[in-house]
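# Observations on the model geometry
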Amino acid sequence: MQSSLTRFNLVQRTAQACTALAFNLHRKSEFLVALADYSVKCFDTVTKELVSWMRGHESSVFSISVHASGRYAITTSSDTAQLWDLDTFQRKRKLNILQSVGIQKVFFLPLSNTILSCFKDNSVFAWECDTLFCKYQLPAPPESSSILYKVFAVTRDGRILAAGGKSNHLHLWCLEAKQLFRIIQMPTKVRAIRHLEFLPDSFDAGSNQVLGVLSQDGIMRFINIQTCKLLFEIGSLDEGISSAVVSPHGRYIASIMENGSLNIYSVQALTQEINKPPPPLVKVIEDLPKSKLNAGDLKVKVTSRRVQLPSKSRESKIQTRILKQDLAGHCENKENELSEGLSKKRLQVLLKGYGEYPTKYRMFIWRSLLQLPENHTAFSNLIDKGIHAAFLNLQKNYPIKSRKLLRVLQRTLSALAHWSAIFSDTPYLPLLAFPFVKLFQNNQLICFEVIATLIINWCQHWFEYFPNPPINVLSVVENVLAFHDRTLLQHFMEHDITSQLYAWPLLETVFSEVLTREEWLKLFDNVFSNHPSFLLMTVVAYNICSRAPLLNCNLKDDFEYFFHHRNNVDISVVIREVYHLMDTTPADIHPNSMLDAFVSLTKGQYPVFNKYPKFVVDYQTQERERIRNDELDYLRERQTVEDMQAEVDQQRDEYEAWYQKQELLRKAEETRREMLLQEEEKMIQQRQKLAAVKRELKVKEMHLQDAARRRFLKLQQDQREMELRRLDDEIERKVHMRDREIATTAKDLEMRRLELESQKRLYEKNLSTSQEAIAKEMREDADAYRRKVDLEEHMFHKLMETHQTQIQNTQKLIEENLAKAEQACLNTDWRIQALRKQRSGDLQRNECYQETAKLLQKNRRKEIEVLNALSEEEAKKWEEAKEKDFHLKSERKVSALSDASRKWFLEKEISDAVEHAERPHGKVVPRCQNEQVASSCFPATSQSSDISEMDSSTRISLSQRRVQWDGVERDLMERVRNLRQRLTARARHRCQTPHLLAA
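What you see is a predicted model, and the numbers here were worked out from it, not measured in a lab.

## Side note on the overall build of the protein chain
What the protein chain contains, in helices and strands, is 24 helices and 25 strands. A fraction of 59% describes how many contacts in the protein chain between residues 6 or more apart in sequence connect residues 24 or more apart. Roughly 60600 Å² of accessible area belongs to the protein chain as shown, and the carbon and sulfur atoms make up 53% of that amount.

Here is the structure:
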């Protein structure tokens, strides 16, 4: 398709190879480019600037899929797939897989929010784009038609998935039912599928029916997936398609050809023959002869709705139309017209005029001139036989840098060897085939048929003297050279240069060593356009045109070098000389009389090639087979010897390694023993140091305990001194209160005396008349009063004595209980300290055991038993300490209960004593009655004497009370001294007891 608007714009130079492209983004002027440095860039076609640069892949990105909204994109490499937000160009999610699985392709389903991921193990998963939740997984295909999926395509409505791989089978999956519903088998020519594309239609509502299948031969075939019929094809074997893509509306198909060109196809023009109404019924009026050209060969053939389009270039299409018009006019020179509609005479005229064919159409012209049958099936059968045994080690004899070229050469030679057995023994066959393999390396079928046609026609009589060079053919060349340049032949003969040196190297390499590529192509334009004798004449012409340097050569090595390297020879002059020789050579020595006319390869199957001495080939084959078998036996024996020698060497190496290892182990053992001894010495030293440190710590601990004990005793002594001072203060306060009470009592008695004196005067005044009558009664009352007072004083003294006795007993009991409690506390403290020491010792021993266990693993069990025993002993000690602590708490509770009971008893006794003391006062006569009785019964004199007696008795009681208080004070002081002595003795005993416990 040509257009005056065909052009391109350079957006930017990336300096990196492009691995993937993606358009139809949210911003229509932007597009994504994946580069060889594993990065993805976004460019703007309007501003021609870089919009964003996205990194994150660790291998080449081979696929970019854009969401229908254009806001998201998925980039896929062999090990990971990443989801990008095209608004912020930030990565949203990343799919990581195992390296053993590998990703085949990850893409969005059209017009949906589903992501389809296809892995190399044929597993296909569907994911939700937003949540990446797995929606479903397609089941495994049936084993009868199981293929490894390589390429995928989805219809625009997202309902059908097409998958293919290295097979001629296509799998169609229904994504709604999640099952395989159809398997389509492509033609036998298709051995692998490289690309799949659905062809959109404006009227199918997204359920595309036409699928484009690009196969390994570079031809893209479009089929109907419902009727499974082939509709049309694009591309050809000469101009194969590398990749193709269909426009969103399905109007155009863009394809990148294998030669690097970009072709745009119109879908409307391609489907024109399909959509054409059926032709009218016609009747055959006259049959053309078989020798005449069939017009149907130039027209598009439609068989079972299959359209075969001639995939030629524009010029060839134009030429085809011209040939159609010529066919409609007249059919002249039909014997020189080729099957593709080309006239051989016209091509020869064109060749003589320009000297060569156009480069663009050379391959097409060669195929037309050689009338290649393109027997795909026969060639596939030859290829399927594999690499011939004669060419397994081809790379050793012919090292070729390109692996692809070597592989194609190996396959082509193997196919020739399988076609005819002589070619497996032909030593110069690789030299003969190499230039054609290099020229047709992308189309092995054409390459094979060109070489086969060359051998059948231009290599006639070459194998009659096999394995020697063709003496008869070389004799013809020598006769022609003798006729046209006898001087040069004489020069060859003088220097013992035969035709095997000046003719055979040119023939066996078909001039590829002495000509450049352009010169060689130009030469073979003329060779293929003329009689097979033209090649022999070319040898003669090359020698004649190089006669000047050849006549100057005198050494055989110079001649050999000349005919094996490029020389300064004009190929156009050589070709003109060939035509001159063809016209001027006599018929008796002309190669035409020896060589047959051109014969093309047969259609369907290749002809049998047996123009060689079969017995020689068979003998050589048998000899070669015998030699190969002998060589195989020798190789097997040598391999056996080498294996035995290798085994012996391996055993020797293993023994040496074992001895070295044993030596190293012995040295390592000695080193470990020395290290162990050193560690033991270090451990002993560390134990000694540890024992010394323990002794120092024990001494420090004892000193600290002594210091703590001294501080505690001093604290207790200070507390006792403070308590004594407090008691002294209390005694002084009590004495002071007693003195004040005595003084107050004396004042009260003085006041009472004064009152009594006033009463005495009153009594004397009022009772003077009745003294004598009442004197006797008063004396009796006075005696009774004295007895009562004596009884009260006796009771008071008895109560005081009882109280003092109770106080003393209580104080003594309290002191004893306090001493016992202090002793119990001290014992508990000593036990706790002892347990703490044991525990610290246990911890130290544990640390020591753990350090020792690293060096002495053999004693681990015994140490574990010791540790367990220590742990049990520690647990027992702790239990014993807990029991003693519990016993101590119970003793404290008992002591508290006894204290409470004693307190209750004392309070009860005091209350009883108080009640007992109050009982006599309840029987005393009231004061008013006594006064009346006294006033009526006692005279004044007797009353005064009684009062004096009462005053003297009161003084006596007060003095007695003072004496009692002095006794109480002396008793308290004596008790304080005794308490101090006991505390001092206890402190001395406590100082001696820890030393005994420590010992």
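From this point, the narrative continues.
## Thoughts on the sheet that holds strand β21 (residues 241-246)
Paired through their backbone hydrogen bonds, the strands of a sheet run either parallel or antiparallel. Taken together, 3 strands build an open sheet; the order of strands is β21-β22-β23 and the sheet is antiparallel. Both edges of this open sheet fall to β21 and β23 (262-266), since each of them pairs with a single strand only. Within this sheet the neighbouring strands show an average axis-to-axis angle of 25 degrees, counted without direction.

## Focus on a nonpolar patch on the surface
A surface patch of nonpolar side chains, amounting to about 260 Å² of accessible area, comprises L632, Y634 and L635. Mapped onto the fold, L635 is located in helix α20 (residues 614-766). The partly exposed category is assigned to L635, whose relative accessible area is 30%.

## Things to note about unusual backbone geometry
Glycine aside, a negative phi is what most residues show, and trans is what most peptide bonds show. A positive phi angle is found at N24, which is not glycine, with a value near 60 degrees. The topology assignment puts N24 in the loop between β1 (18-22) and β2 (30-35). Phi is positive for K48, close to 55 degrees, though the residue is something other than glycine. Here K48 is to be found in the loop between β3 (40-44) and β4 (50-54).

## Some remarks on the sheet that holds strand β17 (residues 193-199)
Taken together, the 4 strands give an open sheet; going across it, the order is β17-β18-β19-β20, and neighbouring strands pair in antiparallel fashion. Taken across any chain shown, the strands that pair with only one partner, and hence form the sheet edges, are β17 and β20 (229-234). Sheet twist, expressed as the mean angle between neighbouring strand axes with direction ignored, is 25 degrees. Note that strand β18 (residues 210-215) and strand β19 (residues 220-224) share 5 bridges and pair antiparallel. Note that in β19 the partner of V213 across the bridge is R221.

## Quick notes on a negative patch on the surface
On the surface, D643, E647, D653, E654 and E656 cluster together to form a negatively charged patch. Mapped onto the fold, D653 is located in helix α20. Since its relative accessible area comes to 42%, D653 is described here as partly exposed.

## What about the packing of helix α5 (residues 362-370) against helix α15 (residues 517-528)?
Across the interface, α5 lies against α15 with an axial gap of 10 Å and an inter-helix angle of 30 degrees. Put simply, α5 runs roughly parallel to α15. Here α5 runs over α15; the crossing is left-handed. For the pair α5 and α15, contact is made by R362, W366, L369 and L370 and by W520, L521, F524, D525 and F528, respectively.

## Quick word on the environment of N381
Tracing the sequence through the fold places N381 in helix α6 (residues 376-384). As a C-alpha pair, N381 and H418 span 37 residues in sequence and 9.6 Å in three-dimensional space.

## What to know about the pairing of strand β14 (residues 160-165)
Across the 6 residues that make up β14, a large majority, 6, are buried. By the bridge criterion, 5 bridges tie strand β13 (residues 149-154) to β14 in an arrangement that is antiparallel. In the sheet register, V154 faces β14, and the bridge partner there is L161. Between β13 and the antiparallel strand that follows it, β14, lie 5 residues; G158 among them carries a positive phi value of about 70 degrees. Sheet analysis places β14 next to strand β15 (residues 169-174), joined by 5 bridges and oriented antiparallel. Bridged to A163 within β15 is H171. The antiparallel pairing of β14 with β15 creates a hairpin that spans 3 residues between the two strands.

## Considering the pairing of strand β22 (residues 252-257)
A regular strand carries its side chains on alternate faces of the sheet. Here β22 shows a buried face lined by I253, S255 and M257 and an unburied face lined by Y252, A254 and I256. When β21 meets β22, the two strands line up antiparallel, connected through 5 bridges. The residue bridging A244 from the neighbouring strand is S255, located in β22. Hairpin connection between β21 and β22: a loop of 5 residues separates the two successive antiparallel strands, and G250 in this loop has a positive phi of roughly 75 degrees. Sheet topology places β22 next to β23; 5 bridges connect them, and they run antiparallel. Its bridge partner lying in β23, Y252 is registered against S266. Two successive antiparallel strands, β22 and β23, enclose a turn made up of 4 residues, where G260 displays a positive phi of approximately 95 degrees.

## So, the nonpolar core
Grouped together as the largest cluster of nonpolar side chains are 103 residues, with contacts concentrated most on W419, F511, W520, F524 and F528. Top element by residues in this core is helix α10 (residues 444-457). It accounts for 10 residues. If you look at the next biggest cluster of nonpolar residues, it comprises 17 residues, including V151, A153, L170 and I193.

## A word on the packing of aromatic side chains
All chains considered together, the criterion is met by 32 aromatic pairs. Ring centres of Y428 and W504 lie 4.9 Å apart, and the angle between their planes is 85 degrees; this geometry places the pair in the edge-to-face category. A residue pair is termed long-range when its members are at least 10 positions apart, and Y428 in the loop between α8 (403-419) and α9 (429-439) and W504 in helix α14 (residues 504-508) qualify at 76 residues. For the pair Y428 and W504, a shared accessibility class is recorded, and that class is buried. Each residue in the set F379, W419, F423, Y428, F448, W462, F463, W504 and Y606 is aromatic and connected to the rest through ring pairs, giving one cluster. Above the ring of F107, the side-chain terminus of K105 is found at 5.2 Å from the ring centroid.

## Topic: helix α11 (residues 471-484)
Over its 14 residues, α11 extends 20 Å from the first C-alpha to the last, a length consistent with the 20 Å expected when each residue adds 1.5 Å. Buried within α11 we find N472, V473, L474, V476, V477, V480, L481 and A482. Buried residues along α11 sit against α12 (486-494), α13 (499-502), α14 and α16 (533-545).

## Some remarks on a positive patch on the surface
Taken together, K120, K150, K166, R191, R403, K404, R407 and R411 make up a surface patch of like positive charges. No other element matches α8, which puts 4 residues into the positive patch. Looking at the element boundaries, R407 is found in helix α8.

## Here's the deal with the side chain of H590
Checked against the element boundaries, H590 lands in the loop between α19 (571-584) and α20. What makes H590 buried here is its relative accessible area of 6%. The residues contacting H590, other than those within four sequence positions of it, are S533, M537, L581, M582 and T585.

## As for the confidence of the model for the protein chain
On average, residues of the protein chain carry a pLDDT of 78, and 82% of them reach 70 or more. Within the protein chain, the lowest mean pLDDT, 30, falls on helix α3 (residues 314-329), and the highest, 92, falls on α16. Per-residue pLDDT stays below 50 along residues 993-999; that stretch engages in 6 contacts with residues further than four places along the chain or on separate chains.

## Remarks on the environment of S29
Residue position: S29 is located in the loop between β1 and β2. Side chain to side chain, S29 and D44 meet in a polar contact 3.3 Å long.

## Quick look at the pattern of salt bridges
Inspection of every chain in the model, using the stated rule, returns 26 salt bridges. E258 is the partner of R194 in a salt bridge, and the nearest nitrogen-oxygen pair spans 3.9 Å. Of this pair, R194 sits in strand β17 while E258 sits in the loop between β22 and β23, placing them 64 residues apart in sequence. Judged by its relative accessible area of 32%, R194 falls in the partly exposed class. By relative accessible area, E258 is classed as partly exposed at 35%. A salt bridge links R738 to D739; the shortest N-O distance between them is 3.8 Å. According to the relative accessible area criterion, R738 is buried, its value standing at 8%.

Definitions and limits used
Here the residue numbering is sequential within each chain, running from 1 through the sequence in written order. Totals for whole chains, interfaces and linings use every residue, but because this is a predicted model, local features are given only for residues with pLDDT of at least 70 and side-chain atom pairs only at 80 or more, for both listing and counting. For side-chain calculations, the full set of non-hydrogen atoms in the structure is used, while hydrogens and water are omitted. Secondary structure elements follow DSSP: runs of H or I no shorter than four residues count as helices, runs of E no shorter than two count as strands, and numbering proceeds from the N terminus. Contacts: residue pairs with any heavy atoms within 4.5 Å of one another. Working definition of accessibility: Shrake-Rupley area with a 1.4 Å probe, residue cover restricted to the visible protein chains. Two strands are said to pair when DSSP picks up at least two bridges between them. Note on method: axes are straight lines fitted to C-alpha atoms, helices fitted across the in-contact stretch only, with angles between N-to-C directions ranging 0 to 180 degrees. Surface patches are drawn from residues lacking salt bridges whose relative accessible area is over 30%; two like charges belong together within 9 Å, two nonpolar side chains (Val, Leu, Ile, Met, Phe, Trp, Tyr) within 5 Å. By definition, a salt bridge exists where a carboxyl oxygen of Asp or Glu is found within 4 Å of a side-chain nitrogen of Lys or Arg. Each residue gets one of three labels from its accessible area relative to the maximum for its type: buried under 20%, exposed over 50%, partly exposed in between, using a 1.4 Å probe on protein chains only. Just so you know, the count uses Lys and Arg for positive and Asp and Glu for negative, and it drops His and the chain ends. One atom stands in for each charge, and that atom is NZ of Lys, CZ of Arg, CG of Asp or CD of Glu. Here the word oblique covers every angle except those under 35 degrees (roughly parallel), over 145 (roughly antiparallel) and from 65 to 115 (roughly perpendicular). Left-handed is the label given to a crossing in which the near helix is rotated counterclockwise from the far helix by less than a right angle, and right-handed is the label when the rotation is clockwise. In these notes, a set of buried Ala, Val, Leu, Ile, Met, Phe, Trp, Tyr and Cys residues joined through side-chain atoms within 4.5 Å is what counts as a nonpolar core. Stacked, edge-to-face and tilted are the three classes for Phe, Tyr and Trp ring pairs, Trp counted by its six-membered ring, which pair at centre distances within 6.5 Å; planes under 30 degrees apart are stacked, over 60 edge-to-face, the rest tilted. By the criterion adopted, a ring carries a charge over it if an Arg CZ or a Lys NZ lies within 6 Å of its centre and within 35 degrees of its normal. Here the expected span of a helix is defined as 1.5 Å times the quantity of residues minus one. In predicted models, pLDDT denotes the confidence assigned by the predictor to each residue on a 0 to 100 scale. By the criterion applied in these results, polar contacts are pairs of N or O atoms within 3.5 Å in which, for protein atoms, one can donate a hydrogen and the other can accept it, and in which residues neighboring in sequence qualify only through two side-chain atoms.

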